[in-house]
Amino acid sequence: MTSSNATIPLETPEYAARLARRQVSRHGAIYALLDAVRDPELPELSIWDLGVLREVRDSERGLSVAITPTYSGCPALATIRENIATCLRGAGWQGFEIVEEVRPPWTTALMSRAACTQLRAGGIAPPVSGSVRCPACGSDETVLVSEFASTACKAHYRCRTCLEPFDHFKVLT
Amino acid sequence: MSLLAAVVGLGDDALVLGQRLSAWCGKSPWLEEDLAMANTALDFLGRARLLYGYAEQLGGCDEDAYAFQRDARAFTNLLIYELPCADFALACARQLLVDAFDVLHLEKLCDSADANLAGIAAKAHKEARYHRRRSAAWLVRLGDGTAESHCRMQKAMEDVWGYHAELFAPVEAEIGLVEKGVLPDRAALRPQWLAAVSATLDEATLELPSADWQVDGGRRGLHTEHLAPMLAEMQHLHRSHPGARW
Ligand SMILES: [Zn+2]
């Protein structure tokens, strides 16, 4: 475990741009509220850290929350919509809409650095460039078992050092 | 051809292939492959939904009506996507041909004069690159595998080969949209596609099929005998219980 944090990169320019938009937004409280909404398939991660929450904007109906799917067929998106709605209604918001946008497409560069740390803590190798390191022992002696794992966003690996199988959150550029 | 018809045609391609791929879940060579097939299927189903969603904005019907309330004659997918794959080798052969096409076609479609199509293409292109890597790896694994797997892979490639021509043959009505820069010129993609496929076949120790037959008709709603039974299964629940909700 000693060196496993060494490969976690600094924030990407893509994430920095998202963060900058959030910081100047007058909807800071809404963003903070939505930090409680997690990805149902990756409960370690908030939709903000995952990059699925794109932006909170003004709209004719009051508030517009823009989200984007990780992969085209991501079945979690419908649940995420519901969870956003529940979260906002719970805080007393009524006039809002949730819009799905695919352009520009989601990439792993939109994820926060915190997301990488949380994935690794959850036993999933984060999407960092270079060799895929075992989240259990930190070894980079790993081998691809299958290009897909339990969800479209992950691949299945095995560690040759500690023999543990694990998921790798794929790099999508 | 109207933009709407073109968008629905691309949606049908994705839906029909997604349905075919999802049938492998539970029947693949092993568990990991079940998951991989199902996840690849999801990418195509997701792409179909994006395209049908855009079709609805263009004045078409909703996604469920496109998927579940049309008969085979109204589907305009290309024939290669509807082929049943009782043999895993055939599934791998078809997938390589369409993934290699997808990567080239979607890359061009990213520059479409139509911003919505360009956006959907940009999303799908990222997935297509991954699909192609996977299908090329399977081709090499089976082609350059045992004598039996080599033989079956070669036969599967011969069996599917005649369906590839339709990928590169724009129907007459599509040409107007090509001229407007909305759709890529399919025919122009063929040399690059052939080079990519040949390289993978070579690596897989397989011969480029010499088949001189070819079929078409999908975009005009003229299908093989395989589409209607697939739709009957896919549409059964929706047609038996219209408007049912989970
Ligand atoms: Zn390990």
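One numbering rule holds for all chains: residues counted from 1, following each sequence as written. For naming, the first written chain is A and the first written ligand is 1, with later ones following in the order written. Only residues with pLDDT of at least 70 are given local features in this predicted model, and only at 80 or more are side-chain atom pairs given and counted; all residues enter the totals for whole chains, interfaces and linings. Water and hydrogen atoms play no part in the side-chain values, which are based on all heavy atoms of the structure.

Mind showing me how you'd approach the pairing of strand 9 (residues 165–169) of chain A here?
The side chains of a regular strand alternate, first on one face of the sheet and then on the other. Residues and elements named next belong to chain A. Exposure classes here rest on a 1.4 Å probe applied to the protein chains alone. A residue is buried below 20% of its type maximum, exposed above 50%, and partly exposed in between. Under the DSSP-based scheme used, a helix requires at least four consecutive residues in state H or I and a strand at least two consecutive residues in state E, with every element numbered from the N terminus. Burial runs high along strand 9: 4 of the 5 residues are buried. At least two DSSP bridges between two strands are needed for those strands to be called paired. Two strands pair when backbone bridges link them, and strand 6 (residues 124–125) and strand 9 are joined in this way by 2 bridges, in the parallel orientation. Its bridge partner lying in strand 9, Ile-124 is registered against Asp-167. Bridge count between strand 8 (residues 154–159) and strand 9: 5 bridges; the pairing is antiparallel.

Any chance you could explain helix 5 (residues 88–109) of chain B here in plain terms?
Residues spaced three or four apart along an α-helix face the same direction, because each turn holds 3.6 residues. Residues and elements named next belong to chain B. Each helix should span, by expectation, one fewer than its residue count multiplied by 1.5 Å. End to end, helix 5 covers 30 Å across 22 residues, agreeing with the expected 32 Å (1.5 Å per residue, within 8%). Summarising burial for helix 5: 20 of the 22 residues are buried, a large majority. In protein, a polar contact means a hydrogen-donor-capable atom and an acceptor-capable atom, both N or O and within 3.5 Å, with residues adjacent in sequence counting only if both atoms are side-chain atoms; elsewhere, any N or O pair within 3.5 Å suffices. Its side-chain oxygen placed 2.7 Å from the backbone nitrogen of Ala-89, Asp-87 serves as the N-cap of helix 5.

It is not clear to me how the sheet that holds strand 3 (residues 53–59) of chain A should be interpreted in this structure. Could you clarify?
Note on sheets: strands pair through backbone hydrogen bonds, and any given pair is parallel or antiparallel. Residue and element names in this part refer to chain A. Judged by pairing direction, the sheet is mixed, and its 3 strands sit side by side in the order 3-4-5 without closing on themselves. A strand with exactly one partner marks an edge of an open sheet, and here the two such strands are strand 3 and strand 5 (96–100). Each strand axis lies, on average, 20 degrees off the axis of its neighbour in the sheet, ignoring direction. In the sheet, strand 3 pairs with strand 4 (residues 62–67) via 6 bridges, with the strands oriented antiparallel. Within strand 4, the residue paired with Ser-59 across the bridge is Gly-62. For this analysis, residues touch if any pair of their heavy atoms sits within 4.5 Å. Inter-axis angles, ranging from 0 to 180 degrees, are taken between N-to-C directions of lines fitted to C-alpha atoms, where helices are fitted over the stretch in contact. Relative to the sheet, helix 4 (residues 76–90) contacts strand 4 and strand 5, its axis offset from that of strand 5 by approximately 160 degrees.

What am I meant to see in the domain arrangement of chain A here?
One widely used convention gives an interface's size as the accessible area the parts lose upon coming together. Residue and element names in this part refer to chain A. Per the annotation, domain bounds derive from an automatic or database assignment of domains. Each assigned domain of chain A is listed here: domain 1 (13–110) and domain 2 (124–169). Between domain 1 and domain 2, the contact holds 7 residues from the first and 7 residues from the second. Area buried by domain 1 at its contact with domain 2 is led by Leu-42, Tyr-71 and Thr-108, which between them contribute 65% of it. A pair is scored as a salt bridge if a Lys or Arg side-chain nitrogen falls within 4 Å of a carboxyl oxygen belonging to Asp or Glu. Linking domain 1 to domain 2 there are 0 salt bridges. Joining domain 1 to domain 2, the criterion identifies 0 residue pairs in polar contact (both at pLDDT 80 or more). Split into classes, the residues belonging to the side of domain 1 that touches domain 2 amount to 4 nonpolar, 1 polar and 2 charged. Here the quantity called buried area is the accessible surface, traced with a 1.4 Å probe, that two parts lose on coming together, added over both. Under this grouping Gly is polar, as are all residues other than the nonpolar Ala, Val, Leu, Ile, Met, Phe, Trp, Tyr, Cys and Pro and the charged Asp, Glu, Lys and Arg.

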